[in-house]
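Below, each chain spelled out in residue letters.
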Amino acid sequence: MSKLVVEVLDAYDLMAKDGQGSASPFVEVEFDEQSQRTQTKHKDLNPSWHEKLVFNVNNPRDLANKIIDVTVYNDREGSHGHHKNFLGRVRISGVSVPSAESDSSVQHYPLDKRGLFSHIKGDIALKIYAVHDGTSHQAEPVRATPTSIPENEETGHFQEPQFQETPFQEINTHNFHEEIKVEEKKNKNKKEQVVRTFHSIGTGSGDPPPAAPPPMFAGMGFTAMKEKAAVVETRADFAKAAPPTVMHMQMPRQNPDFLLVETSPPLAARLRYRGGDKTSSTYDLVEQMHYLYVNVVKAKDLPVMDISGSLDPYVEVKLGNYKGRTKHLEKNQNPLWHQIFAFSKESLQSNLLEVIVKDKDFGKDDFVGKVVFDVLEIPLRVPPDSPLAPQWYKLADKKGDKVNGEIMLAVWMGTQADESFPEAWHSDAHNISHSNLANTRSKVYFSPKLYYLRIHVMEAQDLVPHDKGRLPDPYVKVIVGNQIRPTKILQRTVNPVWDDQLMFVASEPFEDYIIISVEDRIAPGKDEILGRSMIPVRGVPQRFETSKPPDPRWLSLLKPSLAEEEGEKRKEKFSSKILLRLFLEAGYHVLDESTHFSSDLQPSSKHLRKQSIGILELGILSAKNLMPMKIKEGKMTDAYCVAKYGNKWVRTRTLLDTLSPRWNEQYTWEVYDPCTVITIAMFDNSHINGSKDDARDQKIGKVRIRLSTLETDRVYTHYYPLLVLTPSGLKKHGELQLALRFTCTAWVNMVAQYGRPLLPKMHYVYPIPVRHIDWLRHQAMQIVAARLQRAEPPLRREVVEYMLDVDYHMWSLRRSKANFHRIMSLLSGVTAVCKWFNAICFWRNPITTCLVHVLFLILVCYPELILPTIFLYLFVIGIWNYRFRPRHPPHMDARLSQADNAHPDELDEEFDSFPTSRPSDIVRMRYDRLRSVAGRVQTVVGDLASQGERAQAILSWRDPRATAIFIIFSLIWAVFIYITPFQVVAVLFGLYRLRHPRFRSRMPSVPVNFFKRLPSKSDMLL
């Protein structure tokens, strides 16, 4: 007899159902009136069963017409399945079952909802195959050794077997004193290696499984192929023939490696200052890191060591194997250094701190004197205490005897909250030269204040062309810094009227000049300047909100040679004139980042800004599992983080040559709008020692967090995956641990903010043309990048561009597919409602249909209950969904971004330069593919236009018979509805719409047939 074997392996990310954030799941499989179940896994949202369930197949030929129903339940209170909650189900068509175990592979299925209002998440891993050789397969666990045997092997009902195994738990190897909440995964080391690869089969993508129609985009050349040297699972069963309840085109869940991991580091904000320790209240989102600080101020009366009578002193601070050196000062017996050293307490290797004064010499440096401190006796300083006053210490020789000379020092124990921390030389940067030390320090930057500069070019008079025999073709070219904008060209006139408005981006301090140049277009590519004028930006007036713009003014147009010579300018008696209106728009917000994840929406003018509504606190704690970025140089990674919110940028210190850096730095921002996004990114510092100036800091990953998704006063601590999309595919470069807290200080203002416009008033009263927005955003990004690159240490251009997503607007086939799936996800809700209503109309569930009839009749008889019922229903749904609200902040979703299965050619196209630098055959192939996609879009748009034109044709008499039929029918209906009460009409229409299937016809209805016969303009197209 043939058998069907269903191996239930494991499940991921199930919905918590026990009210305590967990569940006790088991799986029940039904096939051909046979039912079996697995054992129950107590308190496990990522259970692992590894059990075989065997079913009899009476007729192997009918297997393709059967359905395998796999349902996951939560076993309530250990009732062995008698009391259970629904966790999700999968329905699989028998046509997708392979005929041998060797042909089968592990497949991951997203769990489906049971009804419209079910809240389900997670996926389940199954391996299904048929056996036709008569071999007896017993229902037994796979790769596990239970100590008890199932009660009934025919039905597969298990007792709760106890496994002789050791649960695998993630161990924190970094000694961070943190407890990471990781779900126990049993038998992890014995699990089968499974590569979760999902093929989107398209043209040239290989042989598809039999009887499987091509999925969406198949005809458009959308391919996503990956070759792995392991078990490859395909989703061939999605499009198989099955009842209407089977969900097609299911998207698998995201790779668990790309998910958040919640952590519990010992933060003061979490510990609530237990034990009376309130010293960390200022920096309560980071772990306290203690440092030994040494402030070398100056020295005096140092002895002369050279024969020449000179002394080139420097100080060496030595603690175990760590040595820090000050700069050496030539020929100075009373040197002044003012340099601070910081040694991490965790890496202290000695109980003695030595401060040694030496004389720089050509050979071996001479010993001058030293001061020795016992580390255990060094005092502890806790902010907000005042800085420790430095003291004079007598120098001693190597034997401990006093010698000439004194040195002024301050030595104390402190934390990263100390004001000396950012400027200190750190022990982890002991091999950094003084010239490159600034590149490793933590800094705070501020973006320049940006304004929109509006120039209304109105007209010019008395233009004088160089060629007196022809009239000029004038246009105006305006230059502001690196920004150039021309007006339209007018034909043959000396008194042109342009009436063009040009917009630019200007930044404080206003150092640029506005250059207005009137030029004559003589021939394509050949222009002659007719006159020029220059205006400093600082002299341009500002306009606040909707006030009247300043009056226009006439400017004299001088010849280019005369404009540069002041003396000649005074002698010029006649000149052409141009009429301009110039002003700075202070009521706009200058967009320097994408509007989808903007961090600042305030207007340029400080007087127009609202008060803050809260405070955002960010703790950049640590990272782990980083990829070695300098492996070619024999080093690991020199990592630092950059965070941006509003106009404030922060940069952490660079930690050298480590794959598990610990920063523990905390920063604060004022929040003016909760619907904003903070961006945190990590980079590898390429400017440490001996690096070229044109070296680029490599990006390690980026995290975006929307503030409106955070609960107030809650501390979020998670490891965020650092994902980077490269031409070779999606790569995970490590994990970044962050602590985040949003504190609201003005509840009324924050609630009112949700009813206010997102952008300032001027964006709606005088909107900026869409064609200008992208150009202005690009110019603003360039200004911000150029300004921050001039800081010390510089925030380099590649860092700023990565943070601001400069290339976000560029064409990407991967991003287009992601947006398409987003739209389909939105429409799936509408589709589910339509399916539910269709099921009501066709009496799939008679009880539900009868209840809908009763509700419909009540609402028709009492129409005043319609709106209260709708809003009460929305309220109940919202209260019900509160239990399933997201518990974690959002993060980069690789599955939503279509990044984990993107085809290499798609990525190569996405990372191509603009204009393209690829060979012509590749460009031709991509062009043909784009034409294919555009052809499909063109067809869809044409179909939509046809439907709209048919609606217009109803009353336009384009089809005289159809219009006559419609208006006569409308007259009849008008009389009927007038003489019949509205409630009777509504009841008749509702009962007709909800009539029983035996009274329905499979043919289209009369209104649909009438509408489809109406003419459209598609037959008029060439």
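Everything numeric in this text was worked out from a predicted model, so none of it was measured.

Reading the values: the criteria
- Residues numbered from 1 in each chain as written.
- Predicted model: local features only at pLDDT ≥ 70, side-chain atom pairs only at ≥ 80, totals over all residues.
- Heavy atoms only, no water.
- Helix = DSSP H or I, 4+ residues; strand = E, 2+ residues; numbered from the N terminus.
- Buried < 20%, exposed > 50% of the residue type's maximum accessible area, 1.4 Å probe, protein only.
- Contact = heavy atoms within 4.5 Å.
- Axes fitted to C-alpha atoms, helices over the stretch in contact; angles between N-to-C directions.
- Parallel < 35°, antiparallel > 145°, perpendicular 65-115°, else oblique.
- Left-handed = near helix turned anticlockwise from the far one by under 90°.
- Pairing = 2+ DSSP bridges.
- Phe/Tyr/Trp six-rings, centres within 6.5 Å; stacked < 30°, edge-to-face > 60°.
- Lys NZ or Arg CZ within 6 Å of the ring centre and 35° of its normal.
- Expected span 1.5 Å × (residues − 1).
- Arc of directions from axis to C-beta.
- Salt bridge = Lys/Arg side-chain N within 4 Å of Asp/Glu carboxyl O.
- Core = buried A, V, L, I, M, F, W, Y, C linked by side-chain atoms within 4.5 Å.

Asks: Describe the overall build of the chain, with residues and values.
Replies: Scanning the chain from terminus to terminus reveals 15 helices and 37 strands. Residues counted as buried form 45% of the 1022 residues belonging to the chain. Contacts in the chain between residues at least 24 apart in sequence constitute 70% of all its contacts with a sequence separation of at least 6.

Asks: Quick rundown of the packing of helix H6 (residues 770–789) against helix H7 (residues 797–804)? Include the residues and the values.
Replies: Where H6 meets H7, the closest approach of the two axes is 9 Å, and the angle between their N-to-C directions is 140°. It follows that H6 is oblique to H7 by the angle criterion. Both H6 and H7 take part in a crossing whose hand is right-handed. Of the residues in H7, those touching H6 at Met781, Gln782, Val784, Ala785, Ala786, Leu788 and Gln789 are Arg797, Val800, Glu801 and Leu804.

Asks: Explain the pairing of strand E30 (residues 614–624) residue by residue, including any values.
Replies: Among the eleven residues in E30, ten count as buried, and that is most of the element. In this sheet, strand E37 (residues 729–744) lies alongside E30 in antiparallel orientation, the contact comprising ten bridges. Note that in E37 the partner of Leu616 across the bridge is Phe742.

Asks: Residue-level account of the packing of aromatic side chains, with values.
Replies: Per the counting criterion, the structure on display carries 18 aromatic pairs. Each ring, one from Phe969 and one from Trp973, has its centre 6.1 Å from the other, and the planes form 65°; the classification is edge-to-face. A residue pair is termed a helical-turn pair when its members lie 3 or 4 positions apart in one helix, as Phe969 and Trp973 do in helix H13 (residues 960–979) at four residues. Overall, Phe969 belongs to the partly exposed group, its relative accessible area being 47%. Taken together, the ring pairs in this structure connect Tyr291, Tyr293, Trp412 and Phe421 into an aromatic cluster. Cation over ring: Arg885 sits above Tyr882, and NZ or CZ is 3.9 Å from the ring centre.

Asks: So what's going on with the sheet that holds strand E35 (residues 698–706)? Which residues, and what values?
Replies: As summarised here, the arrangement of the five strands in space is E20-E32-E31-E34-E35, forming an open sheet in which the pairing is antiparallel. The open sheet has two edge strands with one neighbour each: strand E20 (443–446) and E35. Taken pair by pair, the neighbouring strands of this sheet meet at an average axis angle of 15°, ignoring direction. Pairing analysis gives eight bridges linking strand E34 (residues 677–684) to E35, with the strands arranged antiparallel.

Asks: So, the pairing of strand E17 (residues 391–396): which residues are in play, and what are the values?
Replies: For E17 and strand E18 (residues 402–415), the ladder comprises five bridges, and the chain directions are antiparallel. Bridge pairing links Lys394 to Glu406 in E18. The antiparallel hairpin formed by E17 and E18 contains five residues in its connecting segment, where Gly400 sits at a positive phi of about 100°.

Asks: With reference to specific residues and values, describe unusual backbone geometry.
Replies: Of note, the amide linkage connecting Glu508 to Pro509 takes the cis form, showing an omega dihedral of -10°. Relative to the elements of secondary structure, Pro509 occurs in the loop between strand E24 (497–507) and strand E25 (513–523). Between Phe914 and the following residue, Pro915, the backbone shows a cis peptide bond with an omega angle of 0°. Backbone geometry at Asp32 places phi at a positive 50°, although glycine is not the residue there.

Asks: Tell me what's going on with the environment of Ile967, and back it up with residues and numbers.
Replies: In this structure, Ile967 sits in helix H13. On the accessibility criterion, Ile967 (35% relative accessible area) is partly exposed. Through-space distance from the C-alpha of Ile967 to that of Ile954 is 8.9 Å; in sequence the pair is 13 residues apart. In contact with Ile967, other than residues within four places in its own chain, are Leu955 and Trp957.

Asks: Break down the sheet that holds strand E2 (residues 25–31) for me, with residues and values.
Replies: Here we have four strands laid out as an open sheet, ordered E3-E2-E5-E6, and antiparallel in their pairing. Bordering the open sheet on either side are strand E3 (34–37) and strand E6 (84–93), each of which pairs with just one other strand. The sheet shows a mean angle of 20° between the axes of neighbouring strands, direction not considered. Strand direction decides the pairing type here: E2 and E3, joined by four bridges, are antiparallel. Each residue of the ladder has a partner; that of Glu28, found in E3, is Arg37.

Asks: Give me helix H9 (residues 846–861): which residues, what numbers.
Replies: With 16 residues, H9 should cover 22 Å at 1.5 Å per step; its first-to-last C-alpha distance of 23 Å lies within 8% of that length. For H9, the full list of buried residues reads Thr849, His853 and Val860. The buried residues of H9 all sit within an arc of 50° when viewed along its axis, so they share a single face. Projecting away from the buried face of H9 at angles above 90 degrees are the exposed residues Ile847 and Leu851. In this fold, the buried residues of H9 make contact with helix H8 (813–841) and helix H14 (982–993).

Asks: Hey, could you go over the pattern of salt bridges for me, with residue numbers and the actual values?
Replies: Going through the model one piece at a time under the given rule, you end up with 44 salt bridges. Ionic pairing is found between Lys358 and Glu316, a salt bridge with its closest N-O pair at 3.6 Å. Taken together, the positions of Lys358 in strand E15 (residues 352–359) and Glu316 in strand E12 (residues 313–319) put the pair 42 residues apart, joining distant regions of the chain. Each member of the pair Lys358 and Glu316 is classed as buried. Between Asp908 and Arg918 there is a salt bridge, with the nearest N and O atoms lying 3.0 Å from each other. With Asp908 in helix H11 (residues 904–910) and Arg918 in the loop between H11 and helix H12 (920–953), this pair connects stretches of sequence that are ten residues apart. Put simply, Asp905, Asp908, Glu909, Asp912, Arg918, Arg926 and Arg929 are held in one network by salt bridges that share partners.

Asks: An account of the nonpolar core is requested, with residue identities and associated values reported.
Replies: Counting residues in each nonpolar core, the largest one holds 35 residues, and the members touching the most others are Leu618, Trp663, Trp669, Ile678, Met682, Ile705 and Leu736. Secondary-structure elements contributing two or more residues to this core are E30, strand E31 (639–645), strand E33 (662–671), E34, E35, strand E36 (716–726) and E37. The dominant element in this core, judged by the number of residues it contributes, is E37, at five residues. With near-sequence residues (within four places) excluded, Ile678 lies in contact with Leu616, Leu618, Lys644, Tyr645, Trp669, Val703, Arg704, Ile705 and Leu707.

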